[in-house]
Amino acid sequence: MNVGVSQLKADQLKQNAAFDDLARLVQPRSVMVVGASTSIGTLGHTTVQNLIEHSDFDGDVLLVNPRGGQWQNRPLYRSIGDVPAPQIDVALLLVPADSALAALEACAAKHVRYAIVFTGGFAELGETGRQAEQQMLALAARTGMRLYGPNCAGMTILSPRLGLTFSTEFRNDGRDNRLSRIGLVTQGGGLGRSLMQGNERGVCFSRWFSTGNELDLDNADFIQWLAQDPGTDIICTVIEGIKDGERFVAAAQAASRAGKPLIALKVGRSDFGKKAAQSHTASLAGDDVVNDAVFSQYGVIRVDDLDEMLDVASLLSRVGVQRLKRLCVYSSSGGAGVLSADKVGEAGLTMASLDESTVAEMTKHAPSYAALTNPVDLTTKALVDPQLASKCLLPLFNDSGVDAVLYPITSNYAASTEGMVRNMLEVARQGSKAFVPVWMSSRRGQAHDLLVAEGFAPIYSLRNAMQALKRISWYAEWTERNDGQDDTPVQPHENASVVSLPCNETQAKSLIMQSGVRSPKELQVHTATEAAMRATAIGFPVALKLVADGVLHKSEIGGVQLNLQDEAQVRQAFEQIMTAARTHNVPDNNIRGVLVSEMITDGVEMLVGIHRDAVFGPILSIGAGGVWVEIEADVARCRLPVDRALLEYILDSTRVARRLASHRGLPARDRSALLDAMQRLAVLFLSLGDRVQSLEVNPLVVLDNGHGVVALDAVIE
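If you look the protein up in an unreviewed UniProt entry, it shows as Acyl-CoA synthetase (NDP forming) from Advenella incenata. As recorded by UniProt, the Sequence similarities (unreviewed entry) comment attached to the protein reads in full: "In the N-terminal section; belongs to the acetate CoA ligase alpha subunit family."

The structure is reproduced here in structure tokens:
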């Protein structure tokens, strides 16, 4: 996306920050189809069919085709201007890309409120398409008309039925009467259609919005609408790129406030995927570690593939939000039970310890050779005696130490399997526990179809089942942790907005010290003699560091000398640093001298960094610091602003946080001072505004409890 489109989009989003209510889009009184066709099999014909024959739409249908004529008994107007309507709620555009702008201008003259542009061939194809989009967006901003698309599959609502789409599959959507309360937002049409066809396995969506290039209306608009929709309980979204992080966060928060889980599949995680996303819908995939951190912070359940999205959405719709960590595996196959136990452990879940009364009750009915610990294995006896399964399943559903009962179905033995499934469903429908059937056989059949028909959509692998249980448990814990909490904006430093921005380490540390984060004892010098004198005053050992404008990584050019024990070493180190600076072509005018600093030899080295992400804005990073920061790769992140509770949570998600506690005779470190420093640095960064792109303190040494923290190095850009 070029700068012009980006700025225009940003201005448009600011104007629409409160979100459009979309009332006349989802419940239109009039719909105009531009590009309607009488030729069977064309997109223009299918779109009209979907609206007239396969929707429960009783509003005005206005059809436009330059040839004129009739579509059945309805007139085809030769131009948009010929349509006899003073205003129109929705226009569907099936026109070539080079005719789209003219069609939109005519729509604006007819006071069209929403224009759905199905046509592709815009920003996803290059600069010419981006320029066309810029003109379309300028028209929308000038007239107040909202744009949906371009390059999209339109909108599907199944209760009541309304298909503003060219898909031939709309006529089949929801026809099996298995409607759900799950909403879906996708950019692309192909992945969205794949999810919609999940109804074949018992996972149904009642609303689907395919947003395409998201020139104006984007996924945040529809997530927000679904959050307010009384017919929706769960929201799923497939995202190729997020163009406005603030609006996405606002929509995610709306879903959270409404008690509606938001499940997201973010594609474009790899470099290959990012490139593909750019060519598909002109989307910027963004930094995936930032996406991951933001999703986690705002309670977005992130999944990795379409089947996982179907599994999580289906299970959530059936069992609701609850912890599902203590599992009981119930099977007629010993091998399946062992394999299930392996997968439970790999997922970080636990095998439930069954109460003695549970085992005693099962013993009354099970054969003597059955395994009645967890996993429960009734052997093949359960296949020939379907009643046995229900008698032994009921005690498990009554066991307070069990969160969910996992039922791996390894094979399809026709009537035997069907009978066993039928009896188990009778118990599962009455129980308060989550019942998770896993269909492991490649052969479907009546038993499989019975699970689907009764609303117990099976999961198709043990691995996927564990992942779904793990995702739902995570969301339940997130909900508990964030119940009643909101982000607390941090207050900017009063004077930070007027200070000069630092050009080197000394200036950066000075600004950080004003915010309450102290540096070691240190002095800036200009000669070797002065360095030796200052080192003696500070006390040995000392460190020497180059101070030069624009030199960020001093150690990489030999600009750092550590653990200097006397004046002679200091003099030698000073000369080595100056020689290294000249060797690496650091301009003399940029060299400000050398910093003589006390050596901090004890403490835990941390990294605290903040950068301005292109999508989500200020992102704080905390983790293991020092020279091994890239190797350790132990960093957690969150979006600013945040409250102290979230800072504690992300700190505890790092491995290095364990080193802050006392361990094997080592003293506890000043965790509270570290959290104070994180808050103060966040305040400073936010107060500096858009002038600053990043702030990094590395290492920030955490001293013994009660002794605070010390910033050994700092960079502000």
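Enquirer: What's the story with empty space enclosed by the protein in this structure? I'm lost.
Expert: The probe, sized like a water molecule, is rolled over the atoms to show the empty space still left. Counting across every chain of the model gives two cavities of 30 Å³ or more. Its volume calculated, the largest cavity comes out at about 70 Å³. Surrounding the largest cavity, Leu158, Asp173, Gly174, Asp176, Arg178, Leu179, Met196, Asn199, Val203, Cys204 and Phe205 form its lining. Classifying every residue of the lining of the largest cavity gives six nonpolar, two polar and three charged. Counted as a void, the second largest cavity has a volume near 50 Å³. Lining the second largest cavity we find Arg201, Leu310, Asp311, Ser314, Leu315, Arg318, Ala457, Pro458 and Ile459. Of the residues contributing to the lining of the second largest cavity, the split by class is five nonpolar, one polar and three charged. Residue contributions to the lining of the second largest cavity reach at least three from each of two domains, namely domain 2 (174-320) and domain 3 (321-482).

Enquirer: Is there a simple way to explain helix α5 (residues 127-143) in this structure?
Expert: Two residues of an α-helix separated by three or four positions point the same way, owing to the 3.6 residues in each turn. Its 17 residues give α5 an end-to-end C-alpha distance of 25 Å, which sits within 8% of 24 Å, the value for a rise of 1.5 Å per residue. All buried positions along α5 are accounted for by Gly129, Arg130, Glu133, Met136, Leu137, Leu139 and Ala140. Gly144 sits one or two positions beyond α5 and adopts a positive phi of about 85°.

Enquirer: Looking at this structure, I do not really get a nonpolar patch on the surface. What am I missing?
Expert: Taken together, the side chains of Val627, Trp628 and Ile631 present a nonpolar region at the surface, about 400 Å² in accessible area. Following the sequence through the fold, Val627 ends up in the loop between β25 (617-624) and α22 (629-632). With relative accessibility at 66%, the residue Val627 sits in the exposed group.

Enquirer: Honestly, the packing of aromatic side chains in this entry has me stumped. Any pointers?
Expert: The relation between two aromatic rings is expressed through the spacing of the ring centres and the mutual angle of the planes. Applying the stated criterion across every chain, the model contains eleven aromatic pairs. With centroids separated by 5.2 Å and ring planes inclined at 90°, the aromatic side chains of Phe118 and Phe166 adopt a geometry described as edge-to-face. Residue Phe118 is found in the loop between β6 (112-117) and α5, and its partner Phe166 is found in the loop between β9 (161-164) and β10 (182-186); the two are separated by 48 residues along the sequence. Accessibility expressed as a relative area gives 22% for Phe166, which makes it partly exposed.

Enquirer: Whenever I open this one, the sheet that holds strand β21 (residues 542-548) confuses me. Can you help?
Expert: Neighbouring strands of a sheet are bound in pairs by backbone hydrogen bonds; such pairs are parallel or else antiparallel. Ordered by their spatial adjacency, four strands build an open sheet running β20-β23-β21-β22, and the pairing between neighbours is antiparallel. Edge positions in the open sheet fall to β20 (522-525) and β22 (560-564), since each of these has one partner strand only. Taking the axes of each pair of neighbouring strands and ignoring which way they run, one obtains an average angle of 20° across the sheet. Two elements, β20 and strand β23 (residues 591-598), share four bridges in a ladder whose sense is antiparallel. Looking at the pairing, Val525 lines up with Val594 of β23. Contacts between helix α20 (residues 528-538) and the sheet are confined to β20, β21 and β23, with β20 contributing the most and set at about 170° to the helix. Packed on one face of the sheet, helix α21 (residues 567-583) meets β20, β21, β22 and β23 and runs near 25° to β21.

Enquirer: Whenever I open this one, the UniProt feature "domain: CoA-binding" (unreviewed entry) in the protein confuses me. Can you help?
Expert: Those places that UniProt annotates as "domain: CoA-binding" (unreviewed entry) correspond, in this numbering, to residues 25-122. In this annotation, residues 25-122 is assigned 26% helix and 29% strand; the end-to-end C-alpha distance for the span is 23 Å.

Enquirer: Please clarify how a negative patch on the surface should be interpreted in this entry.
Expert: A contiguous patch of negative charge on the surface is contributed by Glu556, Glu630, Glu696 and Glu717. Relative to the elements of secondary structure, Glu630 occurs in helix α22. The exposed category is assigned to Glu630, whose relative accessible area is 63%.

Enquirer: What is the right way to read the layout of surface pockets from this model?
Expert: The calculated volume of the largest pocket comes to roughly 1400 Å³. Around the largest pocket sit 48 residues that line it, and Gly626, Val627, Glu696, Asn698 and Pro699 are the ones nearest its centre. Considering every element that reaches the lining of the largest pocket, the biggest residue donor is strand β27 (residues 694-702), with six residues. When the residues that make up the lining of the largest pocket are grouped by side-chain class, the tally is 23 nonpolar, ten polar and 15 charged.

Enquirer: Before we go on, may I ask you to explain the pairing of β6 in this structure?
Expert: A regular strand carries its side chains on alternate faces of the sheet. By the criterion of burial, β6 is predominantly enclosed, with five of the six residues buried. Both strand β5 (residues 88-93) and β6 contribute to a ladder of five bridges, which runs parallel. Its bridge partner lying in β6, Ala91 is registered against Ala115. In the classification by handedness, the crossover that spans β5, the intervening helix α4 (residues 97-109) and the parallel β6 is right-handed.

Enquirer: Please explain the side chain of Glu133 as it appears in this structure.
Expert: Considering the arrangement of structural elements, one finds Glu133 in helix α5. With no salt bridge to any partner, buried Glu133 finds its closest opposite charge in Lys243, at an N-O distance of 5.4 Å.

Enquirer: Got a minute to help me understand the packing of helix α6 (residues 189-196) against helix α11 (residues 306-319) in this structure?
Expert: Working note: a packed helix pair is described by the angle between its axes plus the distance between those axes. Where α6 meets α11, the axes come as close as 10 Å, and the angle between the chain directions of the two elements is 45°. Classed by the angle they form, the pair α6 and α11 counts as oblique. In this structure, α6 meets α11 at a crossing whose hand is right-handed. Residue-level contacts link Leu191, Ser194 and Leu195 of α6 to Leu306, Met309 and Leu310 of α11. Tallied by class, residues from the contact of α6 with α11 come to five nonpolar, one polar and no charged.

Thresholds applied
- One numbering rule holds for all chains: residues counted from 1, following each sequence as written.
- Residues qualify for local features only when their pLDDT is at least 70, as the model is predicted, and side-chain atom pairs are given and counted only at 80 or more; totals for whole chains, interfaces and linings, by contrast, use all residues.
- With hydrogens and water excluded, all non-hydrogen atoms of the structure serve as input to the side-chain values.
- UniProt positions are given in the numbering used here, feature names are shortened, and annotations may be inferred rather than shown by experiment.
- The distinction between a cavity and a pocket rests on a 1 Å grid over the protein atoms alone: a 1.4 Å probe fits inside a cavity but cannot get out, while a pocket stays open yet meets protein on both sides within 12 Å along at least five of seven lines, and a residue with an atom within 4 Å of a point counts as lining.
- Grid points are joined across faces, edges and corners, and a volume is the space filled by probe spheres set on the points.
- Asp, Glu, Lys and Arg are counted as charged, while Ala, Val, Leu, Ile, Met, Phe, Trp, Tyr, Cys and Pro are counted as nonpolar; the rest, among them Gly, fall into the polar class.
- Domain extents, as shown, originate in an automatic or database domain assignment.
- Numbered from the N terminus, helices here are DSSP runs of H or I no shorter than four residues, and strands are runs of E no shorter than two.
- What a helix is expected to span follows from its residue count: subtract one and scale by 1.5 Å.
- The rule is simple: take the accessible area with a 1.4 Å probe, protein chains only, and divide by the maximum for that residue type; under 20% is buried, over 50% is exposed, in between is partly exposed.
- Exposure above 30% relative accessible area and the absence of a salt bridge qualify a residue for a patch, where like charges join within 9 Å and nonpolar side chains (Val, Leu, Ile, Met, Phe, Trp, Tyr) within 5 Å.
- Method for areas: the Shrake-Rupley scheme with a 1.4 Å probe, in which residue coverage is limited to the protein chains shown.
- Any carboxyl oxygen of Asp or Glu within 4 Å of a side-chain nitrogen of Lys or Arg constitutes a salt bridge here.
- The aromatic pairing rule takes the rings of Phe, Tyr and Trp, using the six-membered ring of Trp, and pairs them if the centres are within 6.5 Å, calling planes under 30 degrees apart stacked, those over 60 edge-to-face and the rest tilted.
- Being paired, for any two strands, means DSSP has found at least two bridges between them.
- Only the contacting stretch of a helix is used when fitting its axis, a line to C-alpha atoms as for every element, and angles between N-to-C directions run 0 to 180 degrees.
- Only heavy atoms matter for contacts: two residues are in contact if any of them lie within 4.5 Å across the pair.
- His is not counted here, nor are the chain ends, while Lys and Arg score as positive and Asp and Glu score as negative.
- Lysine's charge is taken at NZ, arginine's at CZ, aspartate's at CG and glutamate's at CD.
- We call a crossover right-handed when, viewed with the strands running away from us, the connection from the first strand over the helix to the second turns clockwise.
- Each angle is binned into one of four classes, with values under 35 degrees roughly parallel, values over 145 roughly antiparallel, values of 65 to 115 roughly perpendicular, and all other values oblique.
- Helix crossings fall into two classes, left-handed where the near helix is turned counterclockwise from the far one by less than a right angle and right-handed where it is turned clockwise.

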